[in-house]
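Here's the letter readout for the chains.
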Amino acid sequence: MRVRRAAAVVFTASAVLAGGVLTAAPAQAVTTPTITAKGAYLMNSTTGKTLYSKSADIKRLTASTTKAMTAKVVLSQANLNLDAKVTIKKAYSDYIVANGASSARLIVGDKVTVRQLLYGMMLQSGCDAAMALADKFGSGTTVAARTKNFIAKMNTMAKSLGMTNTKFDSFDGISKGANASTPRDLTLLARSAMKNSTFKAVVKTKSYTAKTITKTGSTRTMGAWTNTNTLLGWNGTLGVKTGSGTEAKYCLIFAATLNGESVMGTVLTAPDAASRTADVKKLITYGYAKIS
């Protein structure tokens, strides 16, 4: 009798297993985050698949996230020499003063390399560095003509990347009324730009100290440029560019990779810096959960 009962128990357990009753419970659905930014977009940067969208195709002011396109255009130049030297002109300093713009504190007359200007622009968000690059890589006989030509190159690049809702009217985000893009478009820009090893190295750097050449030929050690992106290193965050302004509010193009999972996205028009940070943390965490 005992043998029969034992056999019955074994049979019953086998039947339960075969029937799938003891299979693992399904994974819980990932809760979609609520964020403060008016516009946002998040993608799986490996596949390009959309993970989150909030007014992702509504045009908004981009502030200094614009500088990501400036860097992209510079790094796309044929036969680019990152060690080529650019002499800092008074026009760049005058521009900073006239616009009350963020500055890399470049000194008029100093010779600064293209590589150093990229760090000054992307870390310190220096509008003087952005203007120097636009002047260097634009075509024309005057600073105004060259920077205007460079902005045209930015718009041509935007079209080539499929940024259909984007129009730039500045090299640094100080808008003249027509500098606008969308979270989706800026994320497309980031996905392309982050494939460039120099761009990726620059934007993930927390601090950089440049050594420039003065008018007399001596070496000047600049004050350290500190990345305005305080999220760097958090949960695999690698970049990309902050932005802020009276009308644009707080913006961030971001990219992060952790345990082989990569996400990329943009938030535009967050009400303040703390909210921007909280929004991006939520989106990165959500993105990883959605991928896994």
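Each residue is numbered by its place in its chain's sequence as written, counting from 1. For this predicted model, a pLDDT threshold of at least 70 governs which residues receive local features, and a threshold of 80 or more governs which side-chain atom pairs are given and counted, while totals over whole chains, interfaces and linings are taken from all residues. Only heavy atoms go into the side-chain values, all of them from the structure, while hydrogens and water stay out.

**Q** Help me out: how do you make sense of the overall build of the protein in this one?
**A** By definition, any uninterrupted DSSP run of H or I lasting at least four residues is a helix, any uninterrupted run of E lasting at least two residues is a strand, and each is numbered from the N terminus. Counting its secondary structure elements, the protein contains nine helices and 13 strands. What you see for the protein is a C-alpha radius of gyration of 25 Å, clearly larger than the 19 Å of a compact globule of 292 residues, by over 25%. Taken along its principal axes, the extent of the C-alpha atoms in the protein is 105 × 40 × 35 Å. In the protein, which comprises 292 residues, the proportion classed as buried is 49%. Using C-alpha atoms as the atom set, the radius of gyration is obtained and then compared with a globule rule of 2.2 Å times the number of residues to the power 0.38. Remark: exposure states derive from per-residue accessible area (1.4 Å probe, protein chains only) relative to the maximum for the residue type, with buried under 20%, exposed over 50%, and partly exposed in between.

**Q** I keep staring at the sheet that holds strand β13 (residues 261-270) and nothing clicks. Help me out?
**A** Two modes of strand pairing occur in sheets, parallel and antiparallel, and in both the strands are linked by backbone hydrogen bonds. In short, DSSP must find at least two bridges between two strands for them to pair. Reading across the sheet, the five strands line up as β2-β1-β13-β12-β11 and stay open at both edges, with antiparallel pairing between neighbours. What marks the edges here is a single partner per strand, and that holds for β2 (50-54) and β11 (237-245). Strand after strand, the sheet turns through a mean of 5° between neighbouring axes, direction not considered. With four bridges connecting them, strand β1 (residues 39-44) and β2 associate as antiparallel partners. Across the sheet, M43 pairs through a bridge with T50, a residue of β2. Residue contacts follow a heavy-atom distance rule, with two residues in contact if any of their heavy atoms lie within 4.5 Å. Fitting a line to C-alpha atoms yields each axis, with helices limited to the stretch in contact; the angle taken between N-to-C directions then spans 0 to 180 degrees. Strands in contact with helix α9 (residues 273-291) are β1, β2, β11, β12 (249-258) and β13; relative to β13, the strand with the most contacts, it is inclined by about 150°.

**Q** Would you mind going over the packing of aromatic side chains with me for this structure?
**A** Both the distance between ring centres and the angle between the ring planes are used here to describe each pair of aromatic rings. Here is the rule: rings of Phe, Tyr and Trp (six-membered ring for Trp) pair when centre to centre is within 6.5 Å. Planes less than 30 degrees apart are stacked, more than 60 are edge-to-face, and the remainder are tilted. Throughout the structure, instances matching the rule amount to four aromatic pairs. Measuring from centroid to centroid gives 6.1 Å for Y208 and W225, while their planes differ by 15°, and the two rings are stacked. Taken together, the residues Y208 in strand β7 (residues 207-208) and W225 in strand β10 (residues 225-226) connect sequence positions 17 residues apart. On the basis of relative accessible area, W225 is assigned to the buried category, the value being 0%. Through a chain of ring-to-ring contacts, three or more aromatic side chains come together here, namely Y119, Y208 and W225.

**Q** When you look at the environment of L238 in this model, what are you seeing that I'm missing?
**A** Position of L238 among the secondary structure elements: in strand β11. L238 sits 158 residues away from L80 along the chain, and the two C-alpha atoms are 24 Å apart.

**Q** What exactly am I supposed to notice about the confidence of the model for the protein here?
**A** If pLDDT is low for a region, its predicted coordinates should not be looked at in detail. Summing up the model confidence of the protein, the mean pLDDT is 92 and the portion of residues at 70 or higher is 90%. Within a predicted model, pLDDT stands for the predictor's per-residue confidence, ranging from 0 to 100. Below pLDDT 50 for its whole length, residues 1-27 participates in three contacts with residues either more than four positions away or in separate chains.

**Q** Help me understand the packing of helix α2 (residues 67-75) against helix α5 (residues 127-137), please; the structure alone is not making it clear to me.
**A** The packing of two helices is summarised by the inter-axis angle and the distance between the axes. Packing of α2 against α5 leaves a shortest axis separation of 11 Å and a crossing angle of 35°. With respect to the hand of their crossing, α2 and α5 are arranged in left-handed fashion. Across the interface between the two elements, K67, T70 and V74 from α2 touch C127, A130, L133 and F137 from α5. Handedness of a crossing is defined here by the sense of rotation of the near helix relative to the far one, left-handed for an anticlockwise turn of less than a right angle and right-handed for a clockwise turn.

**Q** Explain unusual backbone geometry to me, please; I cannot follow it from the model alone.
**A** Most peptide bonds take the trans form, and the phi angle of most residues other than glycine is negative. The omega angle of the peptide bond from G239 to V240 is 25°, so this bond is cis rather than trans. Within the secondary structure layout, V240 lies in strand β11. Positioned with a positive phi, T269 is a non-glycine residue whose angle comes to about 60°. Considering the arrangement of structural elements, one finds T269 in strand β13. For T269, a relative accessible area of 12% corresponds to the buried category.

**Q** Could you clarify how one ought to interpret α5 in this entry?
**A** A turn of α-helix holds 3.6 residues, and therefore any two residues three or four places apart point the same way. Burial analysis of α5 places 10 of its 11 residues in the buried class, the great majority of the element. The set of residues buried in α5 consists of C127, D128, A129, A130, M131, A132, L133, A134, D135 and F137. In this structure, the buried side of α5 is in contact with α2, β4 (85-87), α3 (90-99), α4 (114-122) and α6 (143-160).

**Q** How should the packing of α2 against α4 be read in this particular structure?
**A** Running from N to C, α2 and α4 cross one another at 165°; their axes reach a closest spacing of 10 Å. With respect to α4, the axis of α2 lies roughly antiparallel. The chirality of how α2 crosses α4 is left-handed. In this structure, α2 uses K67, A68, T70, A71, V74 and L75 to contact α4, whose residues at the interface are V114, L118, M121 and M122. Basically, the charged four are Asp, Glu, Lys and Arg, the nonpolar ten are Ala, Val, Leu, Ile, Met, Phe, Trp, Tyr, Cys and Pro, and anything else, Gly included, counts as polar. Of the residues contributing to the contact of α2 with α4, the split by class is eight nonpolar, one polar and one charged. Convention used here: angles under 35 degrees read as roughly parallel, angles over 145 as roughly antiparallel, angles from 65 to 115 as roughly perpendicular, and any remaining angle as oblique.

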